[in-house]
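Survey of secondary and tertiary structure
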Amino acid sequence: LSEEEKQAIADAAAADAVPFNTQDTMVTPATKDEFGDYQCNAAMGLARNVNLSPRDTAQKIVDGLQPLIGNVMEEPEIAGPGFINLKFKEQYLSSALTTMAKSNRLAVPITSNKQ
């Protein structure tokens, strides 16, 4: 995920978990392939503070997140008591790789701090 996409996930989770902020969110690479590409465990810790079950908290996070990541990620999956699994869309990955392959810099940005 790009930093922008990670921030969008964190922002959606934090917005649905007021009075919390992005420090309360946690998006990490998935620990097993069957969980997708990334997982978010934020609902587990946030639930008790918003008087919702972890699963209901996860659903609120997913509801806020889906419009932000719909072009990049498959429908987020809520697993177990409130884990959120995220998986890239194959079409997005294919398109991103094609764009990188056509770039003479392979999508590495030019730095303004040249040394």
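Notes on the structure follow. (Residues numbered from 1 in each chain as written. Predicted model: local features only at pLDDT ≥ 70, side-chain atom pairs only at ≥ 80, totals over all residues. Heavy atoms only, no water.)

Tallying secondary structure elements over the protein gives four helices and four strands in all. Secondary structure elements in the protein, listed N-terminal to C-terminal, are α-β-β-α-α-β-β-α. Evaluated residue by residue, the protein yields a buried proportion of 32% over its 115 residues. For the protein, restricting intrachain contacts to residue pairs at least 6 apart in sequence, the fraction spanning at least 24 positions comes to 40%. Carbon and sulfur atoms provide 51% of the accessible area of the protein, an area that totals close to 7500 Å². (Helix = DSSP H or I, 4+ residues; strand = E, 2+ residues; numbered from the N terminus. Buried < 20%, exposed > 50% of the residue type's maximum accessible area, 1.4 Å probe, protein only. Contact = heavy atoms within 4.5 Å. Areas by Shrake-Rupley, 256 points an atom, 1.4 Å probe, with all protein chains shown as cover.)

Positive phi, close to 55°, is recorded for asparagine 51, a residue that is not glycine. Inspection of the secondary structure puts asparagine 51 in the loop between helix 2 (42-50) and helix 3 (54-69). Residue asparagine 51 is classed as exposed on the basis of its relative accessible area, which comes to 71%.

Attention now moves to the pairing of strand 4 (residues 83-86). Working note: regular strand, side chains alternate between the two faces of the sheet. In this sheet, strand 4 lies alongside strand 2 (residues 38-40) in antiparallel orientation, the contact comprising three bridges. Bridge pairing in strand 4 places glutamine 39 opposite asparagine 85. Pairing between strand 3 (residues 77-79) and strand 4: three bridges, direction antiparallel. Bridged to alanine 79 within strand 4 is phenylalanine 83. (Pairing = 2+ DSSP bridges.)

The next subject is the nonpolar core. Within the largest apolar cluster, 18 residues are counted, with the highest numbers of intra-cluster contacts made by Leu65, Ile69, Met73, Ile84 and Leu86. Among the elements of the structure, helix 1 (3-15), strand 2, helix 2, helix 3 and strand 4 are those that each provide at least two residues to this core. Sort the elements by how many residues they give to this core and helix 3 lands first, with five residues. (Core = buried A, V, L, I, M, F, W, Y, C linked by side-chain atoms within 4.5 Å.)

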